[in-house]
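# Chain and residue survey
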Amino acid sequence: MSQPTPDTRPDRQLVFASDEVMGRIAQQVQPQIQQPAAAELVRVTLFAYVFSWLPAFVVLAVATAVAPSATSGASVAATALWALQFATLIAISTVVTTLVQRRATPAERAGADTPPSRVLLRAVRGALFTVACAALVLAWQGLSVGQIAVLAGMIAALLHLAPMFIARLLLRRRQHGEAAAR
């Protein structure tokens, strides 16, 4: 009885995989890092501009109207420019933060099970960064340390404390509405 001869190949012959197999291997070896879409970055930038320029302008314009010495008698147009400079710094930091967060793991991005201390740390870091940006812009305009401290504190309070206060009020209103419905 004769034995079937196995199909033997020379030891040094290369075998090429199909394109599908090569694609799967490449995906495992070099995962594709998704860059944020340009539309998302534009949206984030516009959001940062609107929600930082308007409150900063309101604080600076009101300070100019109520106590002109707080802004060294600057005009409303000058305070609008200061607010625009502040908003530009905030928008740049927001875009950088968005790009950095894209590199984070999905669990870190989702913020699942974030401890309250970490949330508080982020809020404090955001407020300090806001104060630093406002102080940088106002110092560049030649205001004194006292003027900078008051205006930067007011801008940080309006940008960080007011939204938190409004969110708390809305949450309480919703909870009271749900309790009344029961």
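To start, this report covers the structure provided alongside it.

Thresholds applied
Residues numbered from 1 in each chain as written. Predicted model: local features only at pLDDT ≥ 70, side-chain atom pairs only at ≥ 80, totals over all residues. Heavy atoms only, no water. Helix = DSSP H or I, 4+ residues; strand = E, 2+ residues; numbered from the N terminus. Polar contact = N/O pair within 3.5 Å; in protein donor to acceptor, adjacent residues only side chain to side chain. Contact = heavy atoms within 4.5 Å. Expected span 1.5 Å × (residues − 1). Salt bridge = Lys/Arg side-chain N within 4 Å of Asp/Glu carboxyl O. Axes fitted to C-alpha atoms, helices over the stretch in contact; angles between N-to-C directions. Parallel < 35°, antiparallel > 145°, perpendicular 65-115°, else oblique. Left-handed = near helix turned anticlockwise from the far one by under 90°. Core = buried A, V, L, I, M, F, W, Y, C linked by side-chain atoms within 4.5 Å. Buried < 20%, exposed > 50% of the residue type's maximum accessible area, 1.4 Å probe, protein only.

## Quick word on the side chain of Ser52
- Residue placement: Ser52 occurs in helix α2 (residues 38–66).
- A distance of 2.4 Å separates a polar atom in the side chain of Ser52 from the backbone oxygen of Ala48.
- Setting aside residues up to four positions removed in sequence, Ser52 forms contacts with Phe86, Ala87, Ile90 and Leu159.

## Focus on helix α3 (residues 76–102)
- Helix length check: α3, at 27 residues, gives a terminal C-alpha distance of 39 Å against a target of 39 Å (1.5 Å per residue), a fit within 8%.
- Tucked inside the fold, the buried residues of α3 contact α2, α5 (116–140) and α6 (145–181).

## Things to note about the pattern of salt bridges
- What the rule picks out here adds up to two salt bridges.
- Put simply, Arg24 and Glu20 hold a salt bridge, and the shortest N to O gap is 3.7 Å. Taken as a pair, Arg24 and Glu20 lie in helix α1 (residues 19–29) at a separation of four residues, close to a single helical turn.
- Note that Glu178 is salt-bridged to Arg174, the shortest N-O span being 3.8 Å. A residue pair is termed a helical-turn pair when its members lie 3 or 4 positions apart in one helix, as Glu178 and Arg174 do in helix α6 at four residues.

## Focus on the packing of α5 against α6
- It is at 9 Å that the axes of α5 and α6 come closest, and there the two elements cross at 140°. Between α5 and α6, the crossing angle belongs to the class labelled oblique. α6 is crossed by α5, and the crossing has right-handed handedness. Counted together, Gly126, Ala127, Thr130, Val131, Ala134, Ala135, Leu138 and Ala139 of α5 and Ile148, Leu151, Ala152, Ile155, Ala156, Leu159 and His160 of α6 form the full contact between these two elements.

## Some thoughts on the nonpolar core
- Counting 22 residues, the largest nonpolar core has Leu60, Trp82, Phe86, Leu138, Leu143, Leu151 and Ile155 as its most contacted members.
- Contributing elements (two or more residues each) for this core: α2, α3, α5 and α6.
- Among the elements that make up this core, the one with the highest residue count is α2 (six residues).
- If we ignore the near neighbours within four places in the chain, the residues touching Leu143 are Ala70, Thr71, Ser72, Trp82, Leu138, Ile148 and Leu151.

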